[in-house]
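Listed below, chain by chain, are the residues.
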Amino acid sequence: IPNLTLLYKLRHLAPSLEKPEYSAKARFNDIVSLIQHDITALEVSAIVNAANRSLRGGGGVDGAIHARAGPELLRECRSLDGCETGSAKVTGAYELPCDKVIHAVGPIYAIEKRRASERPAELLRGCYQTALQLAAENKCKSIAFACISTGVYGYPSREAALEVLKFVRDWMDAKESDGFDGLEHIIFCCFDKKDVIAYEELLPLYFAPV
Ligand code: AR6
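Every chain begins its residue count from 1, and numbering advances along the sequence as written. With pLDDT at 70 or above as the cut-off, local features in this predicted model cover only qualifying residues; side-chain atom pairs require 80 or more to be listed or tallied, and sums for whole chains, interfaces and linings still use all residues. Side-chain measures here rest on the full set of heavy atoms in the structure, leaving out hydrogens and waters.

- The name an unreviewed UniProt entry assigns to the protein is Macro domain-containing protein, from the organism Gomphillus americanus.

## A look at the site of the ligand
Stage number 1. Of all residues adjacent to the ligand, which total 22 residues, the nearest are Asn52, Gly59, Asp62, Ser149 and Thr150.
Stage number 2. Pairs of N or O atoms within 3.5 Å make up the polar contacts considered here, provided that, within protein, one atom can donate a hydrogen while the other can accept it, and that residues adjacent in sequence are counted only when both atoms are side-chain atoms. One nitrogen or oxygen atom from the side chain of Thr150 is found 2.7 Å from an oxygen atom belonging to the ligand.
Stage number 3. Contact distances for the ligand include 3.0 Å between an oxygen atom and a side-chain N or O atom of Asp195.
Stage number 4. Only the protein chains shown count as covering a residue, and every accessible area follows the Shrake-Rupley method with a 1.4 Å probe. Taking 700 Å² as the accessible area of the ligand by itself, protein coverage stands at 91%.
Stage number 5. To qualify as a helix, a DSSP run of H or I must reach at least 4 residues; to qualify as a strand, a run of E must reach at least 2; elements of each kind are numbered from the N terminus. Among the secondary structure elements, those contributing two or more residues to the shell around the ligand are β2 (46-51) and α3 (60-69).
Stage number 6. The leading source of residues in the shell around the ligand is α3, at 4 residues. Note on terminology: near, applied to a residue and a molecule or strand, indicates that one of the residue's heavy atoms is within 4 Å of it.

## Remarks on the sheet that holds strand β6 (residues 185-190)
Stage number 1. At least two bridges found by DSSP between two strands is the condition for calling them paired. If you walk across this open sheet you meet the 6 strands as β1-β6-β5-β2-β4-β3, and the pairing is mixed. At either margin of the open sheet sits one strand with a lone partner, and together these are β1 (32-36) and β3 (88-92). In this sheet, neighbouring strand axes are inclined to one another by 25° on average, regardless of whether the strands run parallel or antiparallel.
Stage number 2. Note: β3 against strand β4 (residues 100-105), 5 bridges, orientation antiparallel. To define axes, lines are fitted to C-alpha atoms, for helices over the stretch in contact only, and angles between the resulting N-to-C directions are given on a 0 to 180 degree scale.

What follows is the structure, given as structure tokens:
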């Protein structure tokens, strides 16, 4: 009984952060999905790469995308003059089975956190915001997001998933009357188990089963 009392108090002291008051919407749930897959294999309108400011390729998902797309992708990327952190640029997909690649540059977590506590979240939201905007401009029907910054850039998976899901849910609420800018599928494409665990836990908070 003392333990139960303590739990009760903790619940009331806990920040409201993880108790969002989002109503379940069947239409939203039809659009959003979570998969664990190699993003380079997806036949979607656009995949979102976790790139760096140079846009000259790298390791992780960036390396996998460039490897499968072939050298023409790097040639186009070189012409873009890099990309700011928290933003994104779009290219063709070349040998990839998708139509477009949106290269987003996520924050290096430790560096941005030292600058200001809220900066990693702001920059991560900027990646998703710009990617969704570019998808709309390119008339994409489906978009698949890699878990930006949760690899070598060190963003804790759960913290990132919380920001991403809240942002996407708010975006969908705002865009519902505009038919989600033409998007019919928004896919969170996890690769590592740690990201799958975070999304599986947090998805129901923002996209509750109907
Ligand atoms: N398909 C889908 N997701 C993948 C794949 C794949 N084939 N491979 C890895 N991931 P990271 P970052 C996931 O390190 O943290 C690069 O060198 C992985 O599990 O690729 O944003 C860039 O050039 C993780 O969840 O990107 C930059 O320099 C997620 O992709 C730097 O890394 C992101 O991990 C960017 O770091």
